[in-house]
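Summary of structural features
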Amino acid sequence: MEIKKKKILFCYFSPREVDYTPTDIGYVVAILKKAAFLEYDFEILQLNYEIGNDALDKELKREIIKRDVDLIQYYSPDAVFLFADNVLWSKVFALGRATLVAKEVRRKMGNIFLGIQSYKINNDQAIEVLDDKIFDCVINGNPEDIFLDITNILDQKYVEGVRYQKEVSFSKSDTLILSEKKCSIENLDNIPSPYLEHIFDNYIQERQIERKGKFRAFIISSRGCGFGCYYCFRSVKFEKVRYFSAQRFYDEMEYLYNNFGVCNYFVLDDAFLYSKQRLREFSQEFEQRVNKNKGLGKIQMFIMARPETIDQEVVEILAKLKVKFIQIGLQTVNPALQHYMRRTIDVVYFKKIQTWLQKYDIKLYLDIVVGLPGDSVEWLKETIRFAILLEPYSMQVKQFYMNPNTLFEVKRDEYEIEIDTMHKDFDVPYVVSSKGIDEEYFIKSNEFIMQRINENPKIWWKYISKKQRFLSAGFYN
Ligand code: SF4
């Protein structure tokens, strides 16, 4: 007699208009598939990420949540896990929306098992959602390890990194478990690939059709970053740098290219340029593949990099690897704040970088942070002026926001950091005041930034702050 399999649904939130692949959940499912759990079916489900205006769009929001819950119900799952983080944007923390969705699922589907996974959820938040019986469990450790214990989780037995309603009486001083402590896999090639395990075949195919062959897939060659910028959550999540091999990287790319014609890739790494030797290996591997598979030469890559890892030779290699876009954090030119980025080079070095990039037609995306503790309106203006003079292709200007367990959070009192207390569905809070930063700073910097945006329409702008959001028309295309 055939045993009825239990259906487990992994849900995530992402905007429809942005090319996004939930590779973090893909790894979990690929690992579970390899581990041959015959009694379970695992499905990945995208839920809505529509921000709207809390005050005006209550009705719309109710409608969106209803649609999400109808979709979940359609799958008739035995258990639903909502993932609150985003594999790319560290500002995302969808605890608010996940809670609303879970409440509605609970109302409609009664005793279904509901869990939430996030690296960001803190003790108080975990206790609250368990106490209120919104979720049956909170998963705060590495899902790649933890979901291997899925049977124990559903039976609410002890699994490191998981908390249940029945255990909510633990002390508030308990620290939550972060991934690094349990992450045992040194060589990342030992983690099965979600692409090569066909987890995203249908997804990529659909997106390619939707985007008329221009879908940009995520691809990863390493995890972790050792720089430890004061505001950065990504380096908190994976501090130690670990690598996939060049062979594995290009196996995935060639698979996506051969089967779905994917030519555009966003490299999720924080450490793609850590080692020149490694870049040379990538270049060799890519050249060999292109010699046998000419079409691969059409690919385009978008990467992120630290300025100090770039020199002329690196840019030459990047051009050979078909890197067309590079995102670099300028953040601020304020000399008193360079240590937040652990930066030892002079910001003038950015000019050299741009000269090399222009030579090879690699387009520069610059990141700037508004409102870092100790900044001033004058230095913010100087930062924007300096950035525009570099003639970047695109600028992302974002108000400083607070992620858990970052150095700024640890030193919150020292920097007199106050965060926005308005409840948000999807985001970690903005820092609304800190040492030297007050309301006047934000009013004046907002005025200046908007003025420069209007004067420089050739640059693709993304400006996100509590006061204002601006996106150049067609930004995501
Ligand atoms: S360089 Fe800084 S911002 Fe980038 S990932 Fe590393 S710590 Fe984070």
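Values in this document were obtained by computation on a predicted structure and should not be read as measured data.

With that settled, consider the overall build of the chain. Of the regular secondary structure elements, the chain holds 16 helices and 18 strands. For the C-alpha atoms alone, the extent of the chain along its principal axes is close to 70 × 60 × 40 Å. Each of the 477 residues in the chain was classed as buried or not, and the buried ones make up 57%. Within the chain, residue pairs in contact and separated by at least 24 positions form 74% of the contacts whose partners lie at least 6 positions apart. For the chain, the exposed surface amounts to about 21,400 Å²; the carbon and sulfur share of it is 50%. Placing the 68 positive and 69 negative side-chain charges of the chain at their respective mean positions leaves the two points 3 Å apart.

Here the focus is the sheet that holds strand β10 (residues 264–267). The sheet built from 8 strands is open, its strands ordered β7-β10-β11-β12-β13-β14-β17-β18 with mixed pairing. Sheet topology places β7 (216–219) and β18 (469–471) at the edges, where each strand pairs with a single neighbour. Here the strands of the sheet are splayed against their neighbours by 20° on average, with no regard to which way each runs. For strand β11 (residues 300–305) and strand β12 (residues 323–331), the ladder comprises 5 bridges, and the chain directions are parallel.

So, on to the side chain of Glu 144. Summarising the element assignment, Glu 144 is placed in helix α5 (residues 143–146). Ignoring sequence-local partners within four residues, the contact set of Glu 144 consists of Tyr 27, Val 28, Ile 31, Ile 191 and Arg 223.

So, on to the environment of Gly 297. Its location among the elements puts Gly 297 in the loop between α11 (276–292) and β11. C-alpha separation for the pair Gly 297 and Arg 234, spaced 63 residues apart in sequence, amounts to 31 Å. With residues up to four places along the chain from it excluded, the contact list for Gly 297 reads Val 290 and Lys 322.

Of all residues in the chain, 93% attain a pLDDT of 70 or more, and the chain-wide mean is 90. Looking at the elements of the chain, mean pLDDT is at its lowest for helix α7 (residues 179–182), recorded as 41, and at its highest for strand β3 (residues 79–83), recorded as 98. Throughout residues 168–183 the model reports pLDDT below 50, and contacts reaching past four residues in sequence, or to other chains, amount to 38 contacts.

Right, let's talk about the pairing of strand β13 (residues 363–370) for a bit. Most of β13 is tucked away: 7 of the 8 residues are buried. In the sheet, β12 pairs with β13 via 6 bridges, with the strands oriented parallel. Within β13, the residue paired with Gly 329 across the bridge is Asp 367. After leaving β12, the chain enters helix α13 (residues 349–359) and then returns to the sheet as β13, a path that is right-handed. Alignment of β13 against strand β14 (residues 394–399), held across 6 bridges, turns out to be parallel.

Rules used in this analysis
- Residues numbered from 1 in each chain as written.
- Predicted model: local features only at pLDDT ≥ 70, side-chain atom pairs only at ≥ 80, totals over all residues.
- Heavy atoms only, no water.
- Helix = DSSP H or I, 4+ residues; strand = E, 2+ residues; numbered from the N terminus.
- Buried < 20%, exposed > 50% of the residue type's maximum accessible area, 1.4 Å probe, protein only.
- Contact = heavy atoms within 4.5 Å.
- Areas by Shrake-Rupley, 256 points an atom, 1.4 Å probe, with all protein chains shown as cover.
- Lys, Arg positive; Asp, Glu negative; His and termini not counted.
- Charge placed at Lys NZ, Arg CZ, Asp CG, Glu CD.
- Pairing = 2+ DSSP bridges.
- Axes fitted to C-alpha atoms, helices over the stretch in contact; angles between N-to-C directions.
- pLDDT = per-residue confidence, 0-100.
- Right-handed = clockwise from strand over helix to strand, strands pointing away.

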